[in-house]
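# Observations on the model geometry
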Amino acid sequence: MTREEFKQLTEQGPVILDGATGTNLQKAGMPVGVCPEKWILEHSDVLVKLQERYVEAGTNILFAPTFTANRIKLEEYGLADELVAMNRELVALSKRAAAGKALVAGDLTMTGRQLYPIGEMMFEELVTVYREQAKVLFEAGVDLFVVETMMSLQECRAAVLAIREVCELPIMVSLTYNEDGRTLYGTDPVTAVVTLQSLGADAVGLNCSTGPEAMLPLVAQMQKYATVPILAKPNAGMPELVDGVTVYRTTPEEFAAVGAELIKAGAAIIGGCCGTTPEHIAALTRAVRGMQVREPLAKSRRILTSERKHVEITLDGNFMVIGERINPTGKKKLQAELREGSLNLVREMALAQEENGARILDVNMGMNGIDEKEMMLRTIYEVTSTVDTPLCIDSSYVDVIEEALRIYPGRALINSISLESEKIEQLLPIAKKYGAMFILLPLSDTGLPKDCEEKHAIIRKILARAEKIGLGKENVVVDGLVATVGANPNAALECFATFSYCKNELELPTVCGLSNISFGLPERTYVNTAFLTMAIANGLTMAIANPSQELLMNAAFASDMLLNKAESDVRYIERMNFLSEKYAGMERVLVPAGSAGVVQGKSGAGSNAASGGATQAGAGGDAGAESVTQSGADVKKSPVYEAVLKGNKNIIVEEAKKLVETGVEPDAVINEHLIPAINEVGELFDKQKYFLPQLIASANAMKLAIEYVEPLLKREDMEEKATIIVATVEGDIHDIGKNLVVLMLKNYGYRVLDLGKDVPAELIVDTAVREKAKVIGLSALMTTTMMRMKEVVDLVKERGCDSKVVIGGAAITESFSDEIGADGYSKDAADCVKLVARLLEEN
């Protein structure tokens, strides 16, 4: 099936997917804990009959049962060497069941291993794992691919890239969302759909984890931004315990009724996940037959993303700043740190720029004495782990830009692509492959344009070249190409003409690096600020600048308000309130504009030496920056506290040593610095200001400090805390959440025994009795393994074990905890710490 044929199929009316496989196979006798793919091959008739019933019920696309048949998962059963044969045979079974009446999708899912920097698995290794399976599935004759039940946007990217490097078959991608409307890693539906459709997915959606009603608002969110069809594959409600058996209460008729609502909300592809049966799919088919599906957007909206945030660029929206600080040009301290391999200052710059209002961060590692590509990749990992702000990738070298885009967990902005032959021929296809937007730099092989007419002609030529390979103007931001007014008195006027031309005639957003306009002049801040306010009035969309320059930033907020842009008055007031709170108890001092200079060259957006741009101390430089001096007591938290709060494991041990060396007792380091910091992290996580990556980073940083401090504790200061047993239940091989719970509990001083994953009830309870554990913590991700938790609870009571049992996992609810007789339910690791403390206090 071609991608165009898939598109046409989805336009004809709702496309019906199959229903659950795992829960139905378990009903047919598949034991928990076995390799599902192996069991299916040994009981092929069970699978074929189930899928034949789905086809009879109206299914248009069957999912081949290759869900976990990747090398990493098969290795856990000692079956990695059988990967090729198993995938081929599994596809053959589905094709037999389809009998030409339905399409067969090769099915990929997560591997269970976490990607760096949270885990140890490198991105390219994961691409290789997916590519290996995708190649076999393609050769086995699948009609299309589905990447489903995903929790990590970055893992989705790896799968899509892997498939695209094998073939051009259609790809559907489906993530699973929590009750808060985000994935486990903090990705919202809009960010997911924008990132994946830009990367080349042919349909994006959601499956599992919730019933159909909970999917309605998420589908509606996606529909507003989707240029591809939306997929919805909900469970038959949430699992409940009835007479010791896990059941799904949503009837086929109830499921079908909400399925029709999902089509109205924007879904074009629909099926069922856990708990659904051929009867559910038959009822769904009847309910949606003949319904019209909503057409996806004809053109994409201009949106950049990180893994946890999206930023839209609009022609009439509020002015935005691209933070320019992460650039070693003109910054001796940053250069020195980078040569030493340290990224501490990079982290600080990223955090400060995000706090000060930058909506996007430019990242440039161009300097002598380092491996630029290696440092760029390290910086991408560091910055994306530190802040949520989308990134602008800035380099002179095509290979550096490509490698950065490959590992970037979102949709980035390239700075920049000019008409220079070498750059445009290589970079446009790269932008297309990785779904990036790009800054159009109006330079050609002959250098700078001599006037506005030539500049505008170059802009049109680059747009035409991009359009030829499928990159419409919604992927483009134009650099105004700022020259210095000291050398060209018309420099500002020419820029204004370009901003106006792009906005009003080409309907394109614009960007510029501000500082070139004032090069060589005294008191440059005033020139830069005046230029900025006039540029905004002439249509400038954003600028690469230093967001800590308050005169500049405040002028931008005021300009938006005077131009009556949407909600600009509220934004201006919020900005002033932010500054008031920021400087409470401090005296603000305006530092006069200095002589922070620019090495004048061909002007690019910001400091892009890459595209023949200016080499400078950052767009806007450091001229005229404001500083603060404290009056009164030090209002900052300790560096150890801040290191935990920001997840900075690079400095935390050194800072803990400093505290101890200044006379702070080791137990005070833990109780007055580390514990309060991780408590605040937990509060931020509860408020959805932090997500899983930040929680893990903070917990890992604290772990390093604890490991340093603990040996220094005096015996009388070493409180003997409770022993806790933690395990993923038998049959379940997922341990991401469980590992974080272990880490958090250890950081709070508990003696934690981690029994791993796929642990039998007998081993859990035997260990709890032997070790006199006060609490047993159980994790299960899959609905098919939830009942193993009840086995542990029952065995605890049978043995007379006095351990409290707490449970958690993606499909677990408080009502399920009550039903099986557990002592408590926690929704996440931070909540588990509170639950354990409460239970121990009660005990």
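Whatever comes next refers back to the structure up there.
All of the points below concern the structure found in this document. (Residues numbered from 1 in each chain as written. Predicted model: local features only at pLDDT ≥ 70, side-chain atom pairs only at ≥ 80, totals over all residues. Heavy atoms only, no water.)

## Topic: the overall build of the chain
Scanning the chain from terminus to terminus reveals 31 helices and 29 strands. The globule rule puts the C-alpha radius of gyration for 843 residues at 28 Å, and the 28 Å found for the chain is close to it. Counting across all 843 residues of the chain, residues that qualify as buried make up 59%. In the chain, 77% of the contacts between residues at least 6 apart in sequence involve partners at least 24 apart. For the chain, the exposed area adds up to about 32,300 Å²; of that, 50% sits on carbon and sulfur atoms. (Helix = DSSP H or I, 4+ residues; strand = E, 2+ residues; numbered from the N terminus. Rg over C-alpha atoms; globule rule 2.2 N^0.38 Å. Buried < 20%, exposed > 50% of the residue type's maximum accessible area, 1.4 Å probe, protein only. Contact = heavy atoms within 4.5 Å. Areas by Shrake-Rupley, 256 points an atom, 1.4 Å probe, with all protein chains shown as cover.)

## Things to note about the pairing of strand β18 (residues 476-479)
Look at any regular strand and the pattern is simple: side chains alternate between the two faces of the sheet. Side-chain alternation along β18 places Val476 and Val478 on one buried face and Val477 and Asp479 on a second face that is also buried. In the sheet, strand β17 (residues 437-441) pairs with β18 via three bridges, with the strands oriented parallel. The residue bridging Leu440 from the neighbouring strand is Val478, located in β18. Sheet topology note: the β18/strand β19 (residues 510-513) ladder contains two bridges and is parallel. Directly across from Val478, in β19, lies its bridge partner Thr510. In this fold, β18 hands off to helix α19 (residues 491-506), which returns the chain to β19; that crossover is right-handed. (Pairing = 2+ DSSP bridges. Right-handed = clockwise from strand over helix to strand, strands pointing away.)

## Focus: the environment of Met238
With respect to the secondary-structure elements, Met238 resides in the loop between β7 (230-233) and β8 (239-242). Relative accessible area serves as the criterion here: at 29%, Met238 is assigned to the partly exposed category. Contact partners of Met238, with chain neighbours within four places excluded, come to Ser209, Thr210, Gly211, Val247, Tyr248, Ala811 and Thr813.

## Points about the side chain of Asp828
Mapping Asp828 onto the fold places it in the loop between β29 (824-825) and α31 (829-842). When sequence neighbours within four positions are dropped, the list of residues in contact with Asp828 reads Phe685 and Asp686.

## Here we look at the state of the cysteines
If you walk through the whole model with that rule in mind, you get zero disulfides. Of all cysteine sulfurs, the one in Cys274 lies closest to Cys35, which takes part in no disulfide; the gap is 17 Å. Residue Cys35 is classed as buried on the basis of its relative accessible area of 6%. Cys452 takes part in no disulfide bond, and the closest cysteine sulfur to it belongs to Cys495, at a distance of 7.9 Å. (Disulfide = S-S within 2.5 Å.)

## So, unusual backbone geometry
The omega angle of the peptide bond from Tyr116 to Pro117 is 10°, so this bond is cis rather than trans. Of the consecutive residues Asn415 and Ser416, the connecting peptide bond is found in the cis state with omega at 10°. Inspection of the secondary structure assignment puts Ser416 in strand β16 (residues 413-418). For Glu523, which is not a glycine, the phi torsion comes out positive at approximately 45°. In this fold, Glu523 is placed in the loop between β19 and α20 (524-537). You can call Glu523 partly exposed: its relative accessible area is 35%. Even without being a glycine, Asp758 presents a positive backbone phi close to 55°. The residue Asp758 is located in the loop between β26 (751-754) and α28 (761-771) in this model.

## Considerations on the packing of aromatic side chains
Here the structure, examined in full by the defined rule, presents two aromatic pairs. Consider the rings of Tyr116 and Tyr381, whose centres lie 4.9 Å apart with planes at 90°: the pair is edge-to-face. With Tyr116 in the loop between β3 (103-108) and α7 (123-139) and Tyr381 in helix α15 (residues 372-386), this pair connects stretches of sequence that are 265 residues apart. Exposure remark for Tyr381: the relative accessible area of 12% places this residue in the buried category. Seen from their ring centres, Phe496 and Phe531 are 5.6 Å apart, and the 20° between their planes marks the pair as stacked. Of the two residues, Phe496 sits in helix α19 while Phe531 sits in helix α20, which places them 35 residues apart along the sequence. Assigned by exposure class, Phe496 and Phe531 land together as buried. Its end group placed over the ring of Phe63, Lys233 keeps NZ or CZ at 4.6 Å from the ring centre. (Phe/Tyr/Trp six-rings, centres within 6.5 Å; stacked < 30°, edge-to-face > 60°. Lys NZ or Arg CZ within 6 Å of the ring centre and 35° of its normal.)

## Observations concerning the sheet that holds strand β25 (residues 723-728)
With respect to topology, five strands assemble into an open sheet ordered β26-β25-β27-β28-β29, the strand pairing being parallel. This sheet does not close on itself; its edge strands, each paired only once, are β26 and β29. Packed on one face of the sheet, α28 meets β25, β26 and β27 (775-779) and runs near 170° to β25. (Axes fitted to C-alpha atoms, helices over the stretch in contact; angles between N-to-C directions.)

## Section: the packing of α19 against α20
The geometry of α19 relative to α20 is characterised by a closest axis approach of 9 Å and an angle of 30° between their N-to-C directions. By the angle between their directions, the pair α19 and α20 is classed as roughly parallel. Regarding α19 and α20, the two cross each other, and that crossing is right-handed. Facing Ala492, Cys495, Phe496 and Phe499 of α19, the residues of α20 in contact are Phe531, Met534 and Ala535. (Parallel < 35°, antiparallel > 145°, perpendicular 65-115°, else oblique. Left-handed = near helix turned anticlockwise from the far one by under 90°.)

## So, α15
Relative to the 21 Å expected for 15 residues at 1.5 Å per residue, α15 spans 20 Å between its end C-alpha atoms, a close match to the ideal helical length. Among the 15 residues in α15, 11 count as buried, and that is most of the element. Among all positions in α15, only Glu372, Met375, Met376, Leu377, Thr379, Ile380, Tyr381, Glu382, Val383, Thr384 and Thr386 are buried. The residue sitting at the N-terminus of α15 and contributing the capping side-chain oxygen is Asp371; that oxygen lies 3.2 Å from the backbone nitrogen of Lys373. (Expected span 1.5 Å × (residues − 1). Polar contact = N/O pair within 3.5 Å; in protein donor to acceptor, adjacent residues only side chain to side chain.)

## Structural notes on the environment of Ile670
For Ile670, the location among the structural elements is in helix α25 (residues 666-686). A residue is classified by how much of its surface remains accessible, and Ile670, at 13% relative accessible area, is buried. Put simply, Ile670 and Val709 are 39 residues apart on the chain and 7.8 Å apart in space, counted from C-alpha to C-alpha. Here Ile670 is in contact with Ile675, Pro676, Ile706, Val709 and Leu713, once residues within four sequence places are set aside.

## Quick notes on the packing of α7 against helix α8 (residues 153-164)
A pair of packed helices is characterised by two quantities: the angle between their axes and the separation of those axes. α8 packs onto α7 with a crossing angle of 50° between their chain directions and a minimal axis gap of 8 Å. Relative to α8, α7 is oriented oblique. Judged by the sense of rotation from one axis to the other, the crossing of α7 with α8 is right-handed. Across from Phe123, Leu126, Val127, Tyr130, Arg131 and Ala134 in α7, the residues of α8 making contact are Gln154, Glu155, Arg157, Ala158, Ala159, Leu161, Ala162 and Ile163. Considered class by class, the residues forming the contact of α7 with α8 number 10 nonpolar, one polar and three charged. (Nonpolar A, V, L, I, M, F, W, Y, C, P; charged D, E, K, R; others polar.)

## Section: the pattern of salt bridges
Enumeration over the complete set of coordinates arrives at 40 salt bridges. Two residues, Lys7 and Glu11, come together in a salt bridge whose shortest N-O distance is 2.8 Å. Of this pair, Lys7 and Glu11 both sit in helix α1 (residues 3-11), four residues apart, which is roughly one turn of the helix. Overall, the relative accessible area of 46% leaves Glu11 in the partly exposed class. (Salt bridge = Lys/Arg side-chain N within 4 Å of Asp/Glu carboxyl O.)

## Some thoughts on helix α10 (residues 212-223)
Its 12 residues give α10 an end-to-end C-alpha distance of 16 Å, which sits within 8% of 16 Å, the value for a rise of 1.5 Å per residue. Buried within α10 are the following residues: Pro212, Met215, Leu218, Val219, Met222 and Gln223. In a view along the axis of α10, the buried residues occupy a sector of 140°, so they form one face of it. Its buried side turned inward, α10 meets α9 (189-199), β6 (203-207), β7, α11 (252-265) and β10 (267-270). (Arc of directions from axis to C-beta.)

## Quick word on the nonpolar core
Within the largest apolar cluster, 212 residues are counted, with the highest numbers of intra-cluster contacts made by Ile61, Met172, Phe438 and Leu674. Leave out the neighbours within four places in its chain, and Met172 touches Phe6, Leu17, Ile61, Phe63, Leu144, Phe145, Val146, Val147, Ala203, Leu231 and Ile269. (Core = buried A, V, L, I, M, F, W, Y, C linked by side-chain atoms within 4.5 Å.)

## Looking at the sheet that holds strand β14 (residues 360-364)
Whenever strands of a sheet pair, they do so through backbone hydrogen bonds, lying parallel or antiparallel. Within the closed barrel, the eight strands sit side by side as β13-β14-β15-β16-β17-β18-β19-β20. Their pairing is parallel. Here the strands of the sheet are splayed against their neighbours by 30° on average, with no regard to which way each runs. Of the pairings in the sheet, the one linking strand β15 (residues 391-394) to β16 comprises three bridges and is parallel in character. Its bridge partner being in β16, Asp394 is matched across the sheet by Asn415.

Spatial relationships are all this shows, so hold off on functional conclusions.
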